[in-house]
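So you can see what is in the structure, the chains are spelled out below.
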Amino acid sequence: MKKGVFCYAMASLCIVSVMSSCDDDDDNKLAPGYSGKDISGQVELVRDAETKKAVLNVSTDNAWQLYAGTAEDDIDLSAPYLDGSGKGTFDVDADTKTRSLFLFTTSEGQGFVAEKHLPMEGGYNFRDLGGIKNSEGRFVKWGKIFRTDEMNKLTDEDLAYLASTGLKTVVDFRTEAEKKGGMGGMIPEAYDKNPSTVEKTYELPINAGNIFSDEVIGYISGGATAEQLEPIMVRTYEEIVSVDEYVDMLKQFFTYVQNENCLPLSYHCSAGKDRTGVATMLILSALGVDKATIMNDYMFSKECIAGKYDRYVAMLPAIAPLVTVKENYLNAAYDKITEKYGSVDKFLTETLQIDIQKMKDLYLY
C-alpha cells in the first residue's frame with residue numbers, strides 16, 4: 001500500500017473512532033427524568049415539619065448519586081449534590097425555605113425524588129401526588145397538584161415554603177359552616193391562609209364529609225355509638241359521587257384541574273381524607289393508576305392525620321370512625337360509581353367530562 005493511501009486510511013479510522021466515542025458519550029450523558037429500572041421504592045425524602053430539614057432514606061445496596069434543583073429543568077447535573085454507597089439515612093443540607101426536587105441515580109435506573117408529605121407545622125395532610133406510578137409505567141409529575149387538609153393554621157414558614165412551589169390555585173370543598181366554626185367555640189374558625197403566589201381560590205362546598213354537620217351532631221347528641229356512626233361514613237362516600245349537587249362540584253373541580261393556567265393547584269377539605277380522598281381517587285384513576293396504589297395513597301391519610309382530632313375523640317369517643325380512613329369507605333365510592341354509572345371510566349369521561357389524554361399530558365412524565 002502506498003504511504004499516502006495508508007495515512008489517509010489511518011486518519012479516516014481515527015475520525016470514525018473519535019465520532020463513535022462522542023456518540024457513546026452522548027448515549028451515556030445524564031439527563032433528568034425516569035429511566036431504567038424503577039428504583040422509586042429504593043429512596044425516600046423526608047422533611048421535618050417544624051425545621052423543614054431533610055433526610056434521605058436509601059434502601060439500595062448499589063452506589064448512588066443525588067442531584068439537586070428546584071424543578072426538573074434546572075437540576076444541576078454537573079456534579080452530585082450527595083452520593084453514597086448502600087443503604088442508610090443521610091442528611092440532606094437543602095434550603096429549608098425552598099422546595100427542592102432531586103434526581104436519584106444508580107447503575108440500575110434513575111428517577112426524581114422529593115418529599116411526598118409536605119413539612120407543614122400548621123397542617124397535617126399536605127401531600128404531593130408526584131412520583132405515583134401508573135399502570136403504563138409512567139409517573140405523576142412532581143409539584144403540579146397537591147392534596148391537603150385545611151389551611152387555616154399555617155405558619156409564616158409554612159406559607160413561604162408553599163410559595164416556593166409556585167402554588168397558583170386553591171380549591172376548597174368545605175362548607176361555609178365548617179369555616180365559621182361552632183359547637184360553642186369547640187370548633188374554631190377555619191378560614192384559609194394562602195401563600196403569596198396564589199392567584200385564584202375556588203369554593204366548591206360538598207356537605208357530605210362534614211363530620212360536624214347538624215346531622216352528625218344530631219346522631220352524637222342522641223347517644224350514637226361508634227358502631228352506629230361508621231355507616232354514616234359509608235353513606236358519605238356514596239353521596240359524594242352520586243348526589244347531583246356534589247357531582248356538579250366535582251365536574252367543576254375538574255375544569256380547574258384540566259386548566260394548565262391553574263397549575264400548580266391544591267385542593268382540600270377539613271382533614272384531607274374524605275372529599276379530598278375521593279377527588280384524589282378520581283384524579284389518579286384518570287391518570288391510569290391502579291386501584292391498589294390508589295388505596296395505599298388513600299390509607300396514608302391515617303398516618304398523616306394522627307393526632308389531629310385526638311382532642312375531639314377524647315371528649316366524644318364515638319366519633320372515632322368519623323376521623324379516620326378505612327378501605328370500606330373508599331370502596332363504597334367505587335361501588336356506588338359502578339352501580340350508578342356503569343364504571344369508573346364512564347363516570348370520569350361521560351359524567352365528569354374529563355379528557356383522559358389531556359390529563360395524562362398535563363400530569364404524567
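For the structure itself, consult the block above.
For every chain, the first residue of the written sequence is number 1, and numbering continues from 1 onward in sequence order. Per-residue local features are limited, in this predicted model, to residues with pLDDT of at least 70; the limit for side-chain atom pairs, both in listing and counting, is 80 or more; totals at the level of whole chains, interfaces and linings are taken over all residues. Side-chain descriptors were evaluated using all non-hydrogen atoms of the structure, hydrogens and water having been removed beforehand.

## Digging into the pattern of salt bridges
And step 1. The working definition used for a salt bridge is a side-chain nitrogen of Lys or Arg within 4 Å of a carboxyl oxygen of Asp or Glu. All told, the structure shown has 23 salt bridges when counted by the stated rule.
And step 2. Among the salt bridges present, the one from Glu 115 reaches Arg 99, with a minimum N-O distance of 2.8 Å. Separated by 16 residues along the polypeptide, Glu 115 in the loop between strand S8 (109-113) and strand S9 (127-128) and Arg 99 in the loop between strand S6 (88-92) and strand S7 (101-106) bring together distant segments of the chain. For the residue pair Glu 115 and Arg 99, the accessibility class agrees, reading buried in each case.
And step 3. The structure contains a network of salt bridges with shared partners spanning Asp 149, Glu 150, Asp 172, Arg 174, Lys 179, Asp 192, Glu 203 and Lys 308. Numbering goes from the N terminus for both helices and strands, where a helix is a DSSP run of H or I of at least four residues and a strand is a run of E of at least two. When accessible area is computed with a 1.4 Å probe and restricted to protein chains, residues below 20% of their type maximum are described as buried, those above 50% as exposed, and intermediate ones as partly exposed.

## Thoughts on the environment of Val 113
And step 1. As for its placement among the helices and strands, Val 113 is situated in strand S8.
And step 2. We classify Val 113 as buried; its relative accessible area is 4%.
And step 3. Sequence separation of Val 113 and Leu 45 is 68 residues, and the distance between their C-alpha atoms is 6.7 Å.
And step 4. Here a residue-residue contact requires only that any non-hydrogen atoms of the pair lie within 4.5 Å. Ignoring sequence-local partners within four residues, the contact set of Val 113 consists of Val 43, Glu 44, Leu 45, Leu 66, Leu 101, Phe 102, Phe 104 and Trp 142.

## Side note on the side chain of Gln 42
And step 1. Tracing the backbone shows Gln 42 in the loop between strand S1 (35-36) and strand S2 (43-47).
And step 2. We call two N or O atoms a polar contact when they sit within 3.5 Å, provided that within protein one can donate a hydrogen and the other can accept it, with sequence-adjacent residues counted only if both atoms are side-chain atoms. Within the local environment of Gln 42, its side chain forms a polar contact with the side chain of Thr 60, the two groups lying 3.4 Å apart.

## Regarding the nonpolar core
And step 1. We call a set of buried Ala, Val, Leu, Ile, Met, Phe, Trp, Tyr and Cys residues a nonpolar core when their side-chain atoms join them within 4.5 Å. With 71 residues, the main nonpolar core has Phe 253, Leu 265, Tyr 267 and Leu 282 as its most contacted residues.
And step 2. Element by element, the count of residues in this core is highest for helix H6 (residues 244-257), at eight residues.
And step 3. Core analysis: the second largest hydrophobic core is formed by 14 residues, Leu 45, Ala 68, Phe 104 and Val 113 among them.

## Points about the packing of aromatic side chains
The geometry of an aromatic ring pair is captured by the separation of the ring centres together with the interplanar angle, meaning the angle of the planes.
And step 1. Aromatic contacts are taken between Phe, Tyr and Trp rings whose centres are within 6.5 Å, Trp giving its six-membered ring; a plane angle under 30 degrees counts as stacked, one over 60 as edge-to-face, and the others as tilted. Summed over all chains, the structure comprises 15 aromatic pairs.
And step 2. Ring centres 5.6 Å apart and planes at 90° place the aromatic pair Tyr 34 and Phe 112 in the edge-to-face group. Residue Tyr 34 is located in the loop between helix H1 (3-28) and S1, and its partner Phe 112 is located in strand S8; the two are separated by 78 residues in the primary sequence.
And step 3. Their ring planes at 15° and their centres at 3.8 Å tell us that Tyr 202 and Tyr 256 sit as a pair that is stacked. With Tyr 202 in strand S12 (residues 200-203) and Tyr 256 in helix H6, the pair connects residues that are 54 residues apart, well separated along the chain.
And step 4. A residue is classified by how much of its surface remains accessible, and Tyr 202, at 21% relative accessible area, is partly exposed.
And step 5. Ring pairs connect the aromatic residues Tyr 34, Phe 112, Phe 139 and Tyr 365, which therefore count as one cluster.

## Some details on the sheet that holds S1
And step 1. By this definition, two strands are paired if DSSP reports at least two bridges between them. Pairing is antiparallel in the open sheet, where five strands are placed in the order S1-S8-S7-S4-S5. At either margin of the open sheet sits one strand with a lone partner, and together these are S1 and strand S5 (82-85).
And step 2. Inspection of the sheet shows strand S4 (residues 63-69) paired to S7 by six bridges, in the antiparallel sense. Across the sheet, residue Gly 69 finds its bridge partner in S7, namely Leu 101.

None of this, on its own, says anything about what the molecule does.
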